[in-house]
Amino acid sequence: MRSKCWRGTTTISAMSKPKRRGHYKRVITAKIAEWVTPLFIHVVAKTWRIRWEGENIYRGEHEKVIISFWHQTIPTAIGSHRYKNICVLVSLNRDGEMISRVANRMGYSTVRGSSSAGGREAFEEITTTVGDEIPIAFTPDGPRGPMHSVAPGVLWASAATGRKIYALGVAAEKYWSANSWDRMFLAKPFSKIVIRYDEKMGTIDREKMTDKGYRDQQAEKLKQIMTDCEQSAKKSLSEWCND
């Protein structure tokens, strides 16, 4: 009996070692990525040739702004907007933790939460601690997709804070693309990039947000505006590249 007990304990211990090694490997890899990723994006972004189009939300008269952009464009958007004093709403999952740390190292402030988890706390923090002069950035299709969908979190944030929603479209001449659900991309060095803002969405009516029909209508409207904004950025980029 002792022999069987000893062998069983040894077997369990041996099986657990690879798991511990795998855990440590993931932690070390994440720590390296946390430092290397922002440095790499910063270096690459300094070589980009960026054309800004549409509404300039960084002028002094623009306050209480929400930026709505697709999850796919996060690396290029972060690189092009670094040190512009933007607060980013980041999901509570593991990927969100990494994005939050990278964003912090590139000069962004972050609030953790989403429309599905931690949303109320995040909106309370936005309302009470984020100054009206600081734009707040959302990816309405993150963190789980589907790609180019609009979850209601960005609408609730506008309704709760009275902030105006600006769609952000990003187009890059050359880029690396990830094999992920959102096909996330980072513009390559020396690429031409068009950043376009569209203010058509406006502010969401707080009282009407209790009506599901209104929420669905506004979500579809924002999706269309974001799609059009992205297409306009791509068209402008194509014309620029053909000059």
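Refer to the structure printed above.
These lines cover the structure that appears in this document, whether it is placed above or below.

About the cut-offs
- Position labels on residues start from 1 in each chain and follow its written sequence.
- Local features in this predicted model are restricted to residues whose pLDDT is 70 or higher, and side-chain atom pairs enter the listing and the counts only when it is 80 or higher, whereas totals over whole chains, interfaces and linings include all residues.
- As a rule here, side-chain values come from all non-hydrogen atoms in the structure, and water together with hydrogens is ignored.
- If DSSP finds at least two bridges between two strands, the strands pair.
- Helix and strand assignments come from DSSP, with helices taken as H or I runs of at least 4 residues and strands as E runs of at least 2, each series counted from the N terminus.
- Axes, fitted as lines to C-alpha atoms, cover a helix only where it is in contact. Angles between the N-to-C directions of the axes lie from 0 to 180 degrees.
- In this scheme, a residue with accessible area under 20% of its type's maximum is buried, one over 50% is exposed, and one in between is partly exposed, where area comes from a 1.4 Å probe on protein chains only.
- Excluding any residue in a salt bridge, patches collect residues exceeding 30% relative accessible area, merging like charges within 9 Å and nonpolar Val, Leu, Ile, Met, Phe, Trp and Tyr side chains within 5 Å.
- For accessible areas, the Shrake-Rupley method is used with a probe of radius 1.4 Å. Any residue's cover is judged against the shown protein chains and nothing else.
- Salt bridges are counted wherever a side-chain nitrogen of Lys or Arg sits within 4 Å of a carboxyl oxygen of Asp or Glu.
- Two N or O atoms form a polar contact when they lie within 3.5 Å of each other; inside protein one atom must be a possible hydrogen donor and the other a possible acceptor, and for residues adjacent in sequence the pair counts only when both atoms belong to side chains.
- In what follows, residue pairs with any heavy atoms lying within 4.5 Å of each other are defined as contacts.

Turning next to the sheet that holds strand S2 (residues 65-68). Sheet architecture is open: 7 strands sit in the order S1-S9-S6-S2-S5-S3-S4, paired in mixed fashion. Looking at strand neighbours, the two that pair on one side only are strand S1 (49-54) and strand S4 (109-112), the edges of this open sheet. If you compare each strand with its neighbour and ignore which way they point, the axes differ by 25° on average. Sheet analysis places strand S3 (residues 87-90) next to S4, joined by 4 bridges and oriented parallel.

This part covers the pairing of strand S6 (residues 164-172). Across the 9 residues that make up S6, a large majority, 8, are buried. Relative to S6, S2 is paired through 4 bridges, and the arrangement is parallel. Bridged to Ile66 within S6 is Ile165. In this sheet, strand S9 (residues 192-202) lies alongside S6 in antiparallel orientation, the contact comprising 7 bridges. Residue Ile165 lies in a different strand from S9, and its bridge partner there is Gly202.

Turning our attention to helix H5 (residues 153-161). H5 sits mainly inside the fold: 7 of its 9 residues count as buried. Taken together, the buried positions of H5 are occupied by Gly153, Val154, Leu155, Ala157, Ser158, Ala159 and Thr161. One or two positions beyond H5, positive phi appears at Gly162, with a value near 75°.

Here we come to a nonpolar patch on the surface. Side chains of Ile32, Trp35, Val36, Phe40 and Trp176 sit close together on the surface and give an oily, nonpolar patch of about 540 Å² of accessible area. A total of 4 residues in the nonpolar patch trace back to one element, the largest contributor, which is helix H1 (residues 2-45). Tracing the chain through its elements places Phe40 in helix H1.

Looking at the secondary structure, you find Thr76 in helix H2 (residues 74-80). Residue Thr76 is classed as buried on the basis of its relative accessible area of 0%. A polar atom in the side chain of Thr76 sits 3.1 Å from the backbone oxygen of Phe185. From its side chain, Thr76 meets the backbone nitrogen of Ala187 in a polar contact 3.2 Å long. If sequence neighbours within four positions are ignored, Thr76 has contacts with Trp48, Val170, Phe185, Leu186, Ala187 and Ile193.

With respect to the helices and strands, the residue His42 is situated in helix H1. For His42, a relative accessible area of 24% corresponds to the partly exposed category. In the structure, His42 is positioned 38 residues away from Ser80 in sequence and 8.9 Å away in space, judged by C-alpha atoms. Apart from the residues lying within four places of it in its own chain, the contact partners of His42 are Arg82, Tyr83 and Met106.

This part takes up unusual backbone geometry. Cis geometry is found at the peptide bond from Gly142 to Pro143, where omega equals 0°. Structurally, the position occupied by Pro143 is in the loop between strand S5 (136-138) and H5. Between Gly145 and Pro146 the backbone carries a cis peptide bond, its omega angle lying at 0°. Here Pro146 is to be found in the loop between S5 and H5.

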